[in-house]
Amino acid sequence: MLLLGIPLALFGALAPPNEYKAIFGGNALDCDSPFGVYLFAVPAFVLYGVALVINGLRWRRTMNLVVAIVCLGICAAVAMNLARAIAEDREQAEACQAR
């Protein structure tokens, strides 16, 4: 199940919060909200977060410890992009409301 979630986690960790800024550069305004990040990051974070808890509780076995560490790394990458998307959305909310 975790192997099937890798593409989901990759999209969640690598999707740009502001598509227009990623494509055109500069200070592009994106009033669509970072829905693409939320779409992939939230399910990936839940999937690997649950796997982290389950395998972290059984950390005495080497394989469970390795899986827990990998899940922790994936959760950290997804969480950083999710936090970046939320910050980008809050920054541009006022400018989008004025438009």
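Before reading further, recall that the structure is shown in the block above.
Residues numbered from 1 in each chain as written. Predicted model: local features only at pLDDT ≥ 70, side-chain atom pairs only at ≥ 80, totals over all residues. Heavy atoms only, no water.

Asks: Explanation requested: the packing of aromatic side chains in the structure shown.
Replies: Any aromatic ring pair is given by two values, namely how distant the centres are and how the planes are angled relative to each other. Tallied over the entire structure, the rule returns one aromatic pair. Consider the rings of Phe11 and Phe40, whose centres lie 5.1 Å apart with planes at 40°: the pair is tilted. Of this pair, Phe11 sits in helix α1 (residues 6-14) while Phe40 sits in helix α3 (residues 35-57), and the two are 29 residues apart along the sequence. Taking the relative accessible area as the measure of exposure, Phe40 reaches 27% and is therefore partly exposed. (Phe/Tyr/Trp six-rings, centres within 6.5 Å; stacked < 30°, edge-to-face > 60°. Helix = DSSP H or I, 4+ residues; strand = E, 2+ residues; numbered from the N terminus. Buried < 20%, exposed > 50% of the residue type's maximum accessible area, 1.4 Å probe, protein only.)

Asks: I'm lost on α3 in this one. Help?
Replies: Since the α-helix advances by 3.6 residues per turn, residues separated by three or four positions end up pointing in the same direction. The end-to-end C-alpha distance of α3, which contains 23 residues, comes to 33 Å, matching closely the 33 Å that a straight helix rising 1.5 Å per residue would cover. When α3 is considered as a whole, its buried residues turn out to be Val37, Ala41, Ala44, Tyr48, Gly49, Ala51 and Asn55. The inward-facing, buried residues of α3 abut α1 and α4 (62-98). (Expected span 1.5 Å × (residues − 1). Contact = heavy atoms within 4.5 Å.)

Asks: Would you explain the environment of Ala77 in this entry?
Replies: Relative to the helices and strands, Ala77 resides in helix α4. Residue classification places Ala77 among the partly exposed positions, given a relative accessible area of 31%. For Ala77 and Gln92, which are 15 residues apart along the polypeptide, the C-alpha to C-alpha distance reads 23 Å.

Asks: Explain the packing of α3 against α4 here, please?
Replies: Two packed helices can be described by the angle between their axes and the distance between those axes. Between α3 and α4, the shortest axis-to-axis distance is 8 Å and the interhelical angle comes to 150°. Judged by the inter-axis angle, α3 sits roughly antiparallel to α4. Crossing handedness for the pair α3 and α4: left-handed. (Axes fitted to C-alpha atoms, helices over the stretch in contact; angles between N-to-C directions. Parallel < 35°, antiparallel > 145°, perpendicular 65-115°, else oblique. Left-handed = near helix turned anticlockwise from the far one by under 90°.)

Asks: Sorry if this is basic, but what is going on with the environment of Leu2 here?
Replies: If you trace the backbone, Leu2 turns up in the segment before α1. Beyond its immediate sequence surroundings of up to four residues, Leu2 is in contact with Leu47, Tyr48, Ala51, Val67 and Cys71.

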